[in-house]
Amino acid sequence: MTEHHAHDEERTFATLAPVRGRGFAQTWWGRAWLKALEDAALDSEQVKAGRRLARAGAVGGVSVRPGRVTAVVQDRDGTAHRADVLLQELSEDHWDRFLDMTVERAGHIAALLDREMPPHLVEEAATAGVELLPGLGDLEADCDCGAWDHCGHTAALCYQVARLLDQDPFLLLLMRGRGEHKLLDELQVRSITPAAAEQGAPDAVQDGLDAAEAYTAGDILPPLPDPPQLPAEPGLPPSLDTEVPPAPGVDPVALGFLAAQTAREAHRMLAEALSPGHEQQALDGELTIHQDAVRLAAGDPEPGIAVRLARGSERDREGLALAVRAWRYGGVAGLAVLDEEWHVPAESLARARAALHAAWDDDERPRLRSTHNRWTVVDGTAQLRLGRDGRWWPYRKERGRWAPAGPAAQDPATALASADA
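Below is a short write-up of the structure. All values derive from a computational prediction rather than experimental measurement. (Residues numbered from 1 in each chain as written. Predicted model: local features only at pLDDT ≥ 70, side-chain atom pairs only at ≥ 80, totals over all residues. Heavy atoms only, no water.)

Notes on the overall build of the protein
We apply this condition: Working definition: helices are DSSP H or I runs of at least four residues, strands are E runs of at least two. Numbering for both runs from the N terminus. Each residue is placed in one exposure class: buried if its accessible area under a 1.4 Å probe, protein chains only, is under 20% of its type's maximum, exposed if it is over 50%, and partly exposed if it falls in between. Throughout, a contact is declared for two residues whenever any of their heavy atoms are within 4.5 Å. Each accessible area value is a Shrake-Rupley result obtained with a 1.4 Å probe; residue values ignore everything except the protein chains displayed when judging cover. For the purpose of charge, His is not counted, nor are the chain termini; Lys and Arg are scored as positive and Asp and Glu as negative. By convention, the point assigned to a charge is CZ for Arg, NZ for Lys, CD for Glu and CG for Asp.
A count of helical and extended segments in the protein gives 16 helices and eleven strands. In terms of principal-axis extent, the alpha carbons of the protein reach across some 80 × 75 × 40 Å. Each of the 421 residues in the protein was classed as buried or not, and the buried ones make up 40%. Taking contacts inside the protein between residues at least 6 apart in sequence as the whole, the part at least 24 apart equals 63%. Summed over its atoms, the accessible surface of the protein is roughly 23200 Å², and 53% of this surface lies on carbon and sulfur atoms. Charged side chains of the protein number 43 positive and 67 negative; the gap between the two group centres comes to 10 Å.

A short note on the sheet that holds strand S10 (residues 392-398)
Selection criterion: We call two strands paired when DSSP finds no fewer than two bridges between them. Only the stretch in contact is used when a helix axis is fitted, and all axes are lines through C-alpha atoms; the angle between N-to-C directions ranges over 0 to 180 degrees.
Strand order in this open sheet of five strands is S7-S8-S9-S10-S11, and the pairing throughout is antiparallel. Edge positions in the open sheet fall to strand S7 (368-371) and strand S11 (401-404), since each of these has one partner strand only. Direction aside, neighbouring strands of the sheet carry axes that sit 30° apart on average. One ladder, built from five bridges, connects strand S9 (residues 382-386) with S10; its direction is antiparallel. When the bridges of S10 are listed, Arg 385 appears paired with Trp 393. Contacting strand S8 (374-377), S9, S10 and S11, helix H14 (residues 317-339) crosses the sheet at an angle of about 55° to S11.

Some thoughts on helix H13 (residues 303-312)
Heads up, the rule is: Directions drawn from the helix axis to the C-beta atoms are what define this arc.
Of all the positions in H13, only Ile 305, Leu 309 and Ala 310 are classed as buried. Each buried residue of H13 sits inside an arc of 145° when the element is viewed along its axis, so together they form one side. Facing away from the buried side of H13 by over 90 degrees, the exposed positions are Pro 303 and Arg 311. The inward-facing, buried residues of H13 abut helix H11 (252-273), helix H12 (289-297) and H14. One or two positions beyond H13, positive phi appears at Glu 314, with a value near 60°.

Points about unusual backbone geometry
One non-glycine residue, Arg 115, adopts positive backbone phi at about 60°. Positionally, Arg 115 belongs in the loop between helix H4 (106-113) and helix H5 (119-127). Within the chain, Arg 399 stands out as a residue other than glycine whose phi angle is a positive 50°. Mapped onto the elements, Arg 399 comes out in the loop between S10 and S11.

Things to note about the pattern of salt bridges
Note the following rule: A carboxyl oxygen of Asp or Glu within 4 Å of a side-chain nitrogen of Lys or Arg is what we treat as a salt bridge.
Taken as a whole and assessed by the stated rule, the structure comprises 30 salt bridges. Residues Asp 361 and Arg 51 are paired through a salt bridge, measuring 3.6 Å at the closest nitrogen-oxygen approach. Residue Asp 361 is located in the loop between helix H15 (346-359) and S7, and its partner Arg 51 is located in helix H2 (residues 44-55); the two are separated by 310 residues in the primary sequence. Asp 361 gets classed as buried once you look at its relative accessible area, which sits at 5%. A salt bridge links Arg 401 to Asp 316, with the nearest nitrogen and oxygen atoms 3.9 Å apart. With Arg 401 in strand S11 and Asp 316 in the loop between H13 and H14, this residue pair connects regions lying 85 residues apart in the sequence. Classification of Asp 316 as partly exposed rests on a relative accessible area of 45%.

Written as structure tokens, this is what we have:
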């Protein structure tokens, strides 16, 4: 995302590259933006035309300002049109309510700074009467082609904006009337308690600070120490090559392998703990014996240990190889998709079908045959599997067995492209 700043009240973005084989919005707030367009447009053909234009890279540089986004969109014949999409700004009263509510939860500010739009923030704002995301009829179209409703040009602009929103939800707040720097300044001012503001007054009574407010107002706390540095590589286990024979039942080769894998796992866990946003991630559950056997097998053990791990995972040699591949692509979730064939509930099935329908234009959509959570390309060697978390996993038929072909994707077209690669 190449961006140029004029000032805090306008942000401009260079032309984005064409997009192939994937949906435009990967985040839930980006999809909500597109839903507002698709629900309100009276002519679905214009929406599809706009999606094709956006895919082809016909949308020029995008300008985002309070209440408006603008771009020049080229028709297939090269004719250029200025397209604007308008979104009503929030009132001062609405902004007051939003800022007061946001200050109360430090996690909301942290999530925004990580370029995430927390669902609870949107829900609590709506409860307070502040609508952040656009709803039905909120995206007003204005194009010099003369259309009075959304045309292909304004629809194309909306699809391009969804890509930008995926990367920075502050753009939505700018459209609602507040630039990022001004918004953060106002939050900083509100995070300072009256007691702190009156510090030094002779009659002021210092009763301490509310923990949430103290955490939010980082300037009144000493800085945290720097996190530890991640070692360049896992540590090496001690050598078991001694002159003393091993105790009965102890396999030195297997024990050395387990020690090396433990060091690798500790290094991986530390890398995750030091990554941005790790504190907001859910804790992993404890592995079963079968799952742990596959995890260990992913460490490339010598053949004798691999045979023992295959028995521990209750798989044959080829089955363990497929399980290892699934593990490397997605850990526990990837392994579950390999093993489980489950009945998709009606609500999840409806969302899955909608995603499949939106992933391709009508003339590009492959023929798929569905069985439970699996969609197989008719007369092909590719398959999509729906995970319980709503992500799509690519599979490819190899030597008569379905094999994992890549990591999961939110968009089925992206997943299928991995299977076909």
